[in-house]
Amino acid sequence: MTTPHLAFMVLINLIWGFALVAGKGSLEHFPPFLFMALRFGIVALVLLPVLTIHWGRMREVILIALCAGPIGFGFFFAGLAVAEASVVAIATQMGVPISTIFSVMFLGERVRWRRWLGITLAFLGVMVISFDPRVFGYIEGLIFVLCSAIVGSFGTILQRQIKGVGTFELQAWVATVAFPCSLAATFLFEAGDPVALMESADWLEWGGVVYVAFASSLVGHAGIYWLLQRYEVSQTAPYTLLAPLFTVTFGVWLLGDMLTWRMVLGGVITLVGVLIISMREKDFTERLPRGA
């Protein structure tokens, strides 16, 4: 990988790593469903020109959009709202081993011993984190994030079966489906006046929404797909693990997240497991980090 492309790869992971911190800051003001509605509303508006109806495949497109949008991110932002960004960054990586397990269950793919070792390590690492006394204070947040990983992984399996739908076309449908669902959820389940909350938000709180919508969703994913057209997965996969490391760094530095030895140990075990799976995975591009 050339030096400019390596620098771009690090920048993409820096963008993803900061996304959880930016989102966490905004979630201090916006409730999760309202934050999700604002985020997907911006993305839907930007991607409206590429929104295309795929006749005969819309059932699959809508199912994918529900998993990758209001359901998956609904759990994710609910978890991020109450848990520390550092722990969420590690727990989110569970999407990789869960997707691999689903590929065996639903697609009949074969998994050899190295990837089973990676799956075991990833789950073991999250268990170590879960039993940390500090995490007990927001264990429901960790459970929400794991539920998000399960739903998102099921959406990944559906994505691997659909053909002829472009990346940005699918992102456009995810945003288009997620926006009204999230808006309805905020009126039904969240307290407070959404309009008043938007009017009272300061520039930092709005900045988190805009950052997650543009930098994480559009710039980050567009950049990684551009690099994957030029380099093999084995050259790019290890660098994607920089994202949770950046998140942990930013979380401790900017949000005051407290790391215990169990969190660090569990995080290292999980990331080693994810690395093993990723290096052995032919279709790694379909399980790229979502950031926020």
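Look up a bit, the structure's there.
Residues numbered from 1 in each chain as written. Predicted model: local features only at pLDDT ≥ 70, side-chain atom pairs only at ≥ 80, totals over all residues. Heavy atoms only, no water.

*Asks:* Whenever I open this one, the overall build of the protein confuses me. Can you help?
*Replies:* Scanning the protein from N- to C-terminus turns up 13 helices and 0 strands. Shown N-terminal to C-terminal, the secondary structure of the protein runs as helices and strands in the order α-α-α-α-α-α-α-α-α-α-α-α-α. For 292 residues, the compact-globule estimate of 2.2 N^0.38 gives 19 Å, and the protein sits close to it at 18 Å. Referenced to the eigenvectors of the C-alpha coordinate spread, the extents of the protein come out at roughly 55 × 50 × 40 Å. (Helix = DSSP H or I, 4+ residues; strand = E, 2+ residues; numbered from the N terminus. Rg over C-alpha atoms; globule rule 2.2 N^0.38 Å.)

*Asks:* Would you take a moment to explain the nonpolar core for this structure?
*Replies:* For soluble globular proteins, the rule of thumb is that nonpolar side chains tend to be buried together. With 54 residues, the main nonpolar core has Phe-30, Phe-35, Phe-40, Phe-76, Phe-77, Leu-80 and Val-88 as its most contacted residues. Per-element tally for this core: the top contributor is helix α2 (residues 32-47), with 8 residues. Those residues in contact with Phe-30, other than ones at most four positions away along the chain, are Phe-35, Leu-38, Leu-197, Met-198, Ala-201, Glu-205, Trp-206 and Val-209. Listed in part, the 8 residues of the second largest apolar core include Met-58, Ile-64, Ile-162 and Leu-170. (Core = buried A, V, L, I, M, F, W, Y, C linked by side-chain atoms within 4.5 Å. Buried < 20%, exposed > 50% of the residue type's maximum accessible area, 1.4 Å probe, protein only. Contact = heavy atoms within 4.5 Å.)

*Asks:* Teacher, can you tell me more about the side chain of Asp-132 here?
*Replies:* Mapped onto the secondary structure, Asp-132 falls in the loop between α6 (113-130) and α7 (139-161). Buried charged residue Asp-132 carries no salt bridge. Nearest counter-charge: Arg-262, at 5.1 Å. Separated by 2.2 Å, the side chains of Asp-132 and Thr-260 make a polar contact. (Lys, Arg positive; Asp, Glu negative; His and termini not counted. Salt bridge = Lys/Arg side-chain N within 4 Å of Asp/Glu carboxyl O. Polar contact = N/O pair within 3.5 Å; in protein donor to acceptor, adjacent residues only side chain to side chain.)

*Asks:* Can you help me understand the packing of aromatic side chains in this one?
*Replies:* Given two aromatic rings, their pairing is described by the distance between the two centres and the angle made by the two planes. Tallied over the entire structure, the rule returns 13 aromatic pairs. When the centroid spacing of 6.4 Å and the interplanar angle of 50 degrees are considered together, the rings of Phe-33 and Phe-189 count as tilted. In this pair, Phe-33 sits in helix α2 while Phe-189 sits in helix α8 (residues 167-189), placing the two residues 156 residues apart along the sequence. Look at Phe-33 and you get partly exposed, because its relative accessible area is 24%. Residues Phe-40 and Phe-73 carry aromatic rings whose centres are separated by 5.5 Å and whose planes lie at 70 degrees to one another, so their mutual orientation is edge-to-face. Here Phe-40 is found in helix α2, whereas its partner Phe-73 is found in helix α3 (residues 58-82), with 33 residues between them in sequence. Its relative accessible area of 3% is what places Phe-40 among the buried residues. Relative accessible area serves as the criterion here: at 4%, Phe-73 is assigned to the buried category. (Phe/Tyr/Trp six-rings, centres within 6.5 Å; stacked < 30°, edge-to-face > 60°.)

*Asks:* I'm lost on the packing of helix α1 (residues 3-27) against helix α12 (residues 242-254) in this one. Help?
*Replies:* Axis angle and axis distance: for two packed helices, these are the angle between their axes and the distance between the axes, and together they describe the pair. Closest axis-to-axis distance for the α1/α12 pair is 7 Å, and the angle between their directions is 45 degrees. Overall, the two elements α1 and α12 adopt an arrangement that is oblique. In this structure, α1 meets α12 at a crossing whose hand is right-handed. Residues Val-10, Asn-13, Leu-14, Trp-16, Gly-17, Phe-18, Leu-20 and Val-21 of α1 touch α12, and the partners they reach there are Leu-242, Ala-243, Phe-246, Thr-247, Phe-250, Gly-251 and Leu-254. Along the lines of polarity and charge, the residues of the contact of α1 with α12 split into 11 nonpolar, 4 polar and no charged. (Axes fitted to C-alpha atoms, helices over the stretch in contact; angles between N-to-C directions. Parallel < 35°, antiparallel > 145°, perpendicular 65-115°, else oblique. Left-handed = near helix turned anticlockwise from the far one by under 90°. Nonpolar A, V, L, I, M, F, W, Y, C, P; charged D, E, K, R; others polar.)

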